[in-house]
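Coordinate analysis (summary)
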Amino acid sequence: MDTVDRIYGYLNREGVRDIVIVRTRDETRQLRFSNNRKDLFNVWDEQYISLFGALGKRVGSTIVRPHLKLEPQLDAFISLLRKLPENPSFYGINPEVQDYSRSSAPVWEHPDIDEIAGRVIDSSVEAGSRRSTGVIYSRKSEISIKTEFNEHAYIHGDLEILVRAISDYGTGQESVHYGPDSIKEVDPEGVGREAGQTAALRLKSTEGRSGRYDVLMSPYLLGNIFSYCSMYFSQESVDTHLSPFESLLQKKIGPEVLTLHDDPVDLSGGGYALFDDEGTLTRKNTIIEGGVLRTFLQSYSTARRHDTRTTGNAGILSPHAWQLEIEPGTRQFSEMLSEMKNGLYVLNAWYTRFQDYRNGTFSTVPRDGVFRVEDGKVVERVAGIRINASFAQFISQIAEISRERKRVKWWEEISPSVMPYALVRDVEISRSF
Amino acid sequence: MRDMIDRILDYASSRSSYAEVRFTETESSGANIRNGEFTGATTAVDSGYMIRVLNKSIGIAYTNSDSFDDIKKSVDIALRSSAREGKHSLNTDSFGKESWSARALKKPSDVSIEEKVSLLKDIDSLMESLGCGVRINSLSDSTTAEIYMNSNGSRIEGTYSRVALFYMFGILESSNFEQSTGEYGSTAGYEYLDSLNLEEIISDEAKVLRKAISAHGVTPGKMDVVVGPEISGIVAHESAGHPMEYDRIIGREAALAGESFLTGKDVPFRVGSEVISVIDDPTIEGSYGHYRYDDEGVRSRRRYLYRHGLTDEFIHNRESAENLGVKPNGGGRSSSWDVEPLPRMSTTFIEPGDYSFDELIEDVNDGIYIKSYTEWNIDDVRFNEKYVGKEAYLIKNGRLGDIVRRPTIETNTINFYSSVDASGKDLKFFAGNCGKGDPEQAVPVWMGGPHIRLRGLYIR
């Protein structure tokens, strides 16, 4: 009998319910480079069996090591469950049988990431970068799930290309992700070239000034802010009183131009997932439609608490977004830039931190392309500034959204997402003294 | 398992100019409570091998398989890549054969889940009784055993336990919200948490939030500032520790956590006043970042990062040390078995001076005392930084005055350290988890310092 079936059978006999067994075999490869040369090649071969289960409303999770005797590990887990207090907000896992018949992903073949890195570096340098630094990932994971009600498996594969270009004038960065449906579009030269061109822009650099500015935000900056703030759309955050949108379901929270989806079934991005952590088929969910908040992200359990249906976003206890996408607007990026009289064009940011989790009050530090725009032209680089905002207010200040979008994903700062350029009005900018 | 390590090392070293094998096993557990509701518990035993090989470049294989054939396959992939051109500077010294363990009186395995749940419930109840409408509490512990061997004869074995408590609570009044986060961690057993007076700490913090939520902000301007150990600690970490990690200086982290304002500078470089010395010290027993040998089998030791306002010694792992042509100084850390060792901090703190708190305050006519912080961030070269005060009071004629809400320091590293004219004789540490690398690695650290006084800093 298969190990997973043995685990399931043993736990079931002992009275454990809401069992979820996820087996993962991760075969990932990564190449890191800096100063135009390879630093390190990493290869992972990891196998895990993770286990979730409940005795009534007593819930817990553990990792099972398949090469060791199973019974003592499972007995220890059952013993743990028996000693736990109940979680009154737990309502079980999704009992609906899922139809996975149309849910599959193609086999992932690792590309030669050494070769990709070389092409990225060469094109970045050719475009004007003096030093190129970055990371190439090819991730491949066999993921299977077994619950009392459902069983399915697929192979997840994605490619990520990150390059930061540094010249004597400044820096530029591109960081994109590809899933199986877009792997043929991989363009290492294009990614390297764009980062190199941003770095090579020969503009004087000046210290920024505090004030309120219209800011043209690139897909990276938008991706950063939405990645950090996606927690505000989780029902768990709402229930903990840590969302500014707590009482705003079906209310207008943003401009008409803003439509935000969570789309885990878009296999052109690396953030796709065919089922969630309790086996529910994932689907595209519209979180904000024309500025109106349409749904919070739900697991079966959070949905039961609120008399609604799961959205396929488990985290069993804490639902989360998979792959955010903002719908394209009608404007062209070049038009948005050329119409800007006096403002800022910011490509990326990092270190987003909150002084008020409830209201989403944060600041973030722009980097890798921060420009002042005057009469439609990028006129100088700007250093030393910070963006200060509250997420709910920030959303309402979005005025225009571009037709162009990018698949952005950067390190731990930007989750895989598809983002446009956006013009955001009246953004508070501060600077160091 | 020891036989397996020998076998893997034999195999890898016979096909490379240098090889090392690290086996790590970590047993961990955690429990959480949110707004009075116990959400669940987790346990895990995680273990695996890291095999690093050096040829024309460096390759690392990570595997948790127990089959030598499977392990060999992963090593072969790393070997094939290492045969291609790339950087290949790596210190390959042996640091002997040693074993070490950190002291834990009340080991995680000796503490029942009931006791852990009880601790969490007590804290949650206390917070609720103090009127905190938002409460998140997490408890975690781990016990790690690690064996490191390299092809030059090194064999280092270490075992240690860590315990940690994290909380976030907040007070909501109308649409106003004030929050406080706390993190307490130690390389020790549960005796560490027993030693904390959490009731007093949390009660005091809740009272401060209650006052701060309706307090006024500060009138922006230049003023003298006294900051508490929590702020001197985060400043030491962010703007002394990070910029002195040598991999950042040579650009290896540039695409991720960034570089350093010291990149390209001649050293020693003046970063601040004579009063300022910053130390990173992994040897402090019980500290959250304590270890006697790092994750590359190098003996740890105290390092002055800044000494009397000048840069002093960088933090190195084997790779960055070789790049500079120096010996590694025990800064190579990995957050788990399946990530590479990078130059990392341990316990980073501003060295105390000889002023009492009263002496620091009494010489300020018109200023502010910022005891603790909430939001903070810093740019990717560790220069332009921001700290938003959580508990802060005006200072008038040498005495503490009214509480003020969220005063903000937004300055740069040189300006901050150059403004320091006096340093307290107190020293206090705070726990945190420091992120770096890709995949991101959060390693446990302490940050600390004394109260320090700064002259003429802009506050808004």
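From a predicted model like this one, the values you see are computed outputs, not experimental measurements. (Residues numbered from 1 in each chain as written. Chains lettered and ligands numbered in written order. Predicted model: local features only at pLDDT ≥ 70, side-chain atom pairs only at ≥ 80, totals over all residues.)

What chain A contains, in helices and strands, is nine helices and 19 strands. The C-alpha atoms of chain A give a radius of gyration of 23 Å, which matches the 22 Å a tight globule of 433 residues would have. The principal-axis extent of the C-alpha atoms belonging to chain A is close to 70 × 50 × 40 Å. Within chain A, counting contacts between residues at least 6 apart in sequence, those at least 24 apart form 74% of the total. (Helix = DSSP H or I, 4+ residues; strand = E, 2+ residues; numbered from the N terminus. Rg over C-alpha atoms; globule rule 2.2 N^0.38 Å. Contact = placed C-beta atoms within 7 Å.)

A few words on the overall build of chain B. Scanning chain B for helices and strands turns up 10 helices and 24 strands. Here the C-alpha coordinates of chain B stretch approximately 70 × 55 × 35 Å along the principal axes. Residues counted as buried form 57% of the 460 residues belonging to chain B. At a minimum sequence separation of 6, the contacts of chain B that also span at least 24 residues come to 74%. (Buried ≥ 20, exposed ≤ 12 C-beta atoms within 10 Å, placed from the backbone.)

Each side of the interface is counted separately: chain A has 59 residues, and chain B has 66 residues. Counting only elements with at least two residues in the side of chain A that touches chain B, the list comes to strand 3 (37-55), strand 4 (58-64), helix 2 (70-83), strand 5 (131-147), strand 6 (151-166), strand 14 (342-356) and strand 15 (361-374) of chain A. A per-element tally of the side of chain A that touches chain B places strand 3 of chain A first, with 11 residues. Alignment of strand 4 of chain A against strand 2 (residues 37-54) of chain B, held across three bridges, turns out to be parallel. Among the inter-strand pairings, Ser61 of chain A is bridged to a residue of strand 2 of chain B, identified as Thr42 of chain B. (Pairing = 2+ DSSP bridges.)

All names here are of chain B. Strand order in the open sheet formed by six strands is 11-10-9-14-23-22, and the pairing between neighbours is mixed. Sheet topology places strand 11 (310-311) and strand 22 (428-436) at the edges, where each strand pairs with a single neighbour. As paired strands, strand 14 (residues 347-350) and strand 23 (residues 441-449) are joined by three bridges and run parallel to one another. In the sheet register, Thr347 faces strand 23, and the bridge partner there is Trp446.

Quick look at the nonpolar core now. If you look at the biggest cluster of nonpolar residues, it comprises 119 residues, and the most contacted ones within it are Leu216, Met217, Leu344 and Val346 of chain A together with Ile51 and Ala78 of chain B. In this structure Leu216 of chain A touches Met336, Leu337, Met340, Gly343, Tyr345, Val373, Tyr421 and Leu423 of chain A, once residues within four positions along its chain are discounted. Ranked by size, the runner-up nonpolar core spans 116 residues in total, among them Tyr8 of chain A together with Ala31, Val225 and Phe430 of chain B. (Core = buried A, V, L, I, M, F, W, Y, C linked by C-beta atoms within 7 Å.)

Let us look at helix 5 (residues 219-229) of chain A. A large share of helix 5 of chain A lies buried, amounting to 11 of its 11 residues. Of all the positions in helix 5 of chain A, only Pro219, Tyr220, Leu221, Leu222, Gly223, Asn224, Ile225, Phe226, Ser227, Tyr228 and Cys229 of chain A are classed as buried.

Within the secondary structure, Ser432 of chain A sits in the segment after strand 19 (414-431). Using a count of 23 C-beta atoms within 10 Å as the deciding quantity, one classes Ser432 of chain A as buried. Between the C-alpha atoms of Ser432 of chain A and Ser210 of chain A, which are 222 residues apart in sequence, the distance is 8.9 Å. Once you skip the residues sitting within four places of it in the chain, Ser432 of chain A turns out to touch Gly384 of chain A together with Asn384, Glu410, Thr411 and Asn412 of chain B.

Residues and elements named next belong to chain B. With 15 residues, helix 5 (residues 198-212) should reach 21 Å at 1.5 Å per residue; the first-to-last C-alpha distance of 21 Å fits that figure. Inspection of helix 5 places Glu205, Ala206, Val208, Leu209 and Ala212 among the buried residues, and these make up the whole buried set. The buried residues of helix 5 occupy an angular sector of 160 degrees when projected down its axis, which confines them to one face. Exposed and oriented more than 90 degrees from the buried face of helix 5 are Glu199 and Glu200. On the buried face of helix 5, the contacting elements are helix 3 (113-129), strand 6 (155-173), strand 7 (176-186) and strand 19 (399-403). (Expected span 1.5 Å × (residues − 1). Arc of directions from axis to C-beta.)

Take the environment of Asn365 of chain B next. Positionally, Asn365 of chain B belongs in the loop between helix 9 (357-362) and strand 15 (366-370). Separated by 236 residues in sequence, Asn365 of chain B and Ser129 of chain B place their C-alpha atoms 38 Å apart.

All right, on to the domain arrangement of chain A then. Residues and elements named next belong to chain A. Examined at the domain level, chain A breaks down into domain 1 (3-198) and domain 2 (205-433). Look at where the C-alpha atoms of domain 1 and domain 2 centre, and you get two points 23 Å apart. Among the elements of the structure, strand 5, strand 6 and strand 7 (171-178) are those that each provide at least two residues to the side of domain 1 that touches domain 2. Among the elements that take part in the side of domain 1 that touches domain 2, strand 7 stands out by supplying seven residues, more than any other. Of the residues contributing to the side of domain 1 that touches domain 2, the split by class is 14 nonpolar, 17 polar and four charged. (Domains from an automatic or database assignment. Nonpolar A, V, L, I, M, F, W, Y, C, P; charged D, E, K, R; others polar.)

Attention shifts here to the domain arrangement of chain B. Residue and element names in this part refer to chain B. Here the domain parsing of chain B yields domain 1 (2-212) and domain 2 (221-459). Computed over C-alpha atoms only, the centres of domain 1 and domain 2 are separated by 22 Å. Mapped onto the side of domain 1 that touches domain 2, the elements with two or more residues apiece are strand 1 (18-34), strand 2, strand 3 (58-63), strand 4 (97-101), strand 5 (134-150), strand 6, strand 7 and helix 5. For the side of domain 1 that touches domain 2, the element with the highest residue contribution is strand 7, accounting for six residues. Classifying every residue of the side of domain 1 that touches domain 2 gives 16 nonpolar, 14 polar and seven charged.

Okay, the packing of helix 1 (residues 2-13) of chain B against helix 2 (residues 68-82) of chain B next. Residues and elements named next belong to chain B. Two elements in contact, helix 1 and helix 2, have axes whose closest approach is 11 Å; the angle formed by their N-to-C orientations is 35 degrees. For the pair helix 1 and helix 2, the crossing hand works out as right-handed. Here helix 1 contributes Met4, Arg7, Ile8, Tyr11 and Ala12 to the contact with helix 2, which in turn contributes Phe68, Ile71, Lys72 and Val75. Within the contact of helix 1 with helix 2, the residues separate by chemical class into seven nonpolar, no polar and two charged. (Axes fitted to C-alpha atoms, helices over the stretch in contact; angles between N-to-C directions. Left-handed = near helix turned anticlockwise from the far one by under 90°.)

We now examine the confidence of the model for chain B. Of the residues in chain B, 100% reach a pLDDT of 70 or more, and the chain-wide mean stands at 97. Two numbers describe this predicted complex: its pTM, 0.97, and its ipTM, 0.96. (pLDDT = per-residue confidence, 0-100.)

Cis geometry is found at the peptide bond from Ala314 of chain A to Gly315 of chain A, where omega equals 25 degrees. Tracing the backbone shows Gly315 of chain A in the loop between helix 7 (300-305) and strand 13 (324-326). In this structure, Asp18 of chain A is a non-glycine residue whose phi angle is positive, near 55 degrees. Looking at where Asp18 of chain A falls in the secondary structure, it is placed in strand 1 (residues 17-26). We note that Asn397 of chain B has phi near 50 degrees; this positive angle belongs to a residue other than glycine. Relative to the assigned elements, Asn397 of chain B resides in the loop between strand 18 (392-396) and strand 19.

Here we take up the pairing of strand 9 (residues 211-217) of chain A. Residue and element names in this part refer to chain A. Pairing between strand 9 and strand 19: six bridges, direction antiparallel. The residue of strand 19 that forms the bridge with Val215 is Val424. Here strand 9 pairs with strand 14 via four bridges, running parallel. Each residue of the ladder has a partner; that of Asp214, found in strand 14, is Gly343.

Turning next to the packing of helix 3 (residues 113-126) of chain A against helix 4 (residues 188-200) of chain A. All names here are of chain A. Contact geometry for helix 3 and helix 4: axes closest at 7 Å, N-to-C directions at 35 degrees. Like other packed secondary-structure pairs, helix 3 and helix 4 cross with a definite hand, here right-handed. Between helix 3 and helix 4, the residues in contact are Ile116, Arg119, Val120, Ile121, Ser123, Ser124, Val125 and Glu126 and Pro188, Glu189, Val191, Gly192, Arg193, Ala195 and Gly196, respectively. Its residues assigned to classes, the contact of helix 3 with helix 4 comprises seven nonpolar, four polar and four charged.

Attention now moves to the environment of Asp380 of chain B. Counting through the fold element by element, Asp380 of chain B comes out in the loop between strand 16 (373-378) and strand 17 (384-389). Remark: the alpha-carbon pair of Asp380 of chain B and Arg248 of chain B, spanning 132 residues in sequence, is separated by 9.8 Å. Setting aside anything within four residues of it in sequence, one finds Asp380 of chain B in contact with Trp350 and Arg367 of chain A together with Ala257, Gly258 and Glu259 of chain B.

As a further point, take the pairing of strand 1 of chain B. Residues and elements named next belong to chain B. One ladder, built from 17 bridges, connects strand 1 with strand 2; its direction is antiparallel. Within the sheet, the bridge partner assigned to Thr26 lies in strand 2 and is Asp46. Linking strand 1 back to strand 2 in an antiparallel pair, the connection comprises two residues, with Asn35 at a positive phi of about 45 degrees. Note: strand 1 against strand 5, 15 bridges, orientation antiparallel. Note that in strand 5 the partner of Ser29 across the bridge is Asp141.

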